[in-house]
Amino acid sequence: MKVDVVTPEQAQATTSVQQNSSSETVSQMLVQHTQKIVINNGCIGCGKCVATARNTFAMQGSRAQVISQEYIQSASVQDAIAHCPVSAITIIEA
Ligand code: SF4
């Protein structure tokens, strides 16, 4: 079985093509796959992100973890990022 590997640069180029053909849903999906939510070691385990975006964050012991990347562009994830008291949540280019 052949598997195509796409670099982030190729994904961005594909996103531009898709936007030009007015397929916003496909381009949003590509953006989701080139970005990733991460929690750094500064997490103090307050649980605010879990309370704000339960479908994306969960507590594991005394720290939060990301359980899904599916809702990366949702308002709840943006709220969680904005309200983390130690700014431990970021979105990186994957
Ligand atoms: S809101 Fe920030 S500090 Fe609180 S649990 Fe989530 S990542 Fe950790």
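The model shown is predicted, which means the values in this text are computed figures rather than measured ones.

What counts, and at which threshold
Residues numbered from 1 in each chain as written. Predicted model: local features only at pLDDT ≥ 70, side-chain atom pairs only at ≥ 80, totals over all residues. Helix = DSSP H or I, 4+ residues; strand = E, 2+ residues; numbered from the N terminus. Contact = placed C-beta atoms within 7 Å. Pairing = 2+ DSSP bridges. Near = placed C-beta within 6 Å. Nonpolar A, V, L, I, M, F, W, Y, C, P; charged D, E, K, R; others polar. Core = buried A, V, L, I, M, F, W, Y, C linked by C-beta atoms within 7 Å. Buried ≥ 20, exposed ≤ 12 C-beta atoms within 10 Å, placed from the backbone. pLDDT = per-residue confidence, 0-100.

Right, let's talk about the overall build of the chain for a bit. When helices and strands are tallied, the chain shows 4 helices and 4 strands. Mapped in sequence order, the helices and strands of the chain form the string α-α-β-α-β-β-α-β. Considering only intrachain contacts with a sequence separation of at least 6, the fraction spanning at least 24 residues in the chain is 53%.

Glancing now at the pairing of strand β3 (residues 63-66). Both strand β2 (residues 57-60) and β3 contribute to a ladder of 4 bridges, which runs antiparallel. Residue pairing in the sheet places M59 in a bridge with A64 of β3.

Near the ligand you find 14 residues, and of these C43, C46, C49, A64 and C84 are the closest. Its residues placed into classes, the shell around the ligand shows 11 nonpolar, 2 polar and 1 charged.

Let us now look at the nonpolar core. Counting residues in hydrophobic clusters, the biggest one holds 9 residues: I37, C49, A53, F57, A64, V77, A80, C84 and I89. In this structure, C84 is in contact with K48, C49 and I89, ignoring residues within four places of it in sequence.

With respect to the helices and strands, the residue S87 is situated in the loop between α4 (75-83) and β4 (89-93). Given 11 C-beta atoms within a 10 Å radius, S87 is considered exposed. Sequence separation between S87 and N40 is 47 residues, and the spatial gap between their C-alpha atoms is 8.8 Å.

As for its placement among the helices and strands, F57 is situated in strand β2. When the C-alpha atoms of F57 and I37 are compared, they prove to be 9.8 Å apart, with 20 residues separating the residues in sequence. Excluding anything up to four places from it in sequence, F57 contacts C49, V50, A64, V66, I67 and A80.

Here the chain shows a mean pLDDT of 81. Residues at 70 or above account for 66%. Across residues 1-21 the pLDDT falls below 50, and counting only partners more than four positions away or on other chains, this stretch makes 17 contacts in the model.

Okay, the environment of C43 next. Mapped onto the fold, C43 is located in the loop between β1 (35-39) and α3 (48-52). When the 19 C-beta atoms within 10 Å are taken as the criterion, C43 is described as partly exposed. In this view, C43 contacts R63, A64, V86 and A88; residues no more than four positions away in its chain are not counted.

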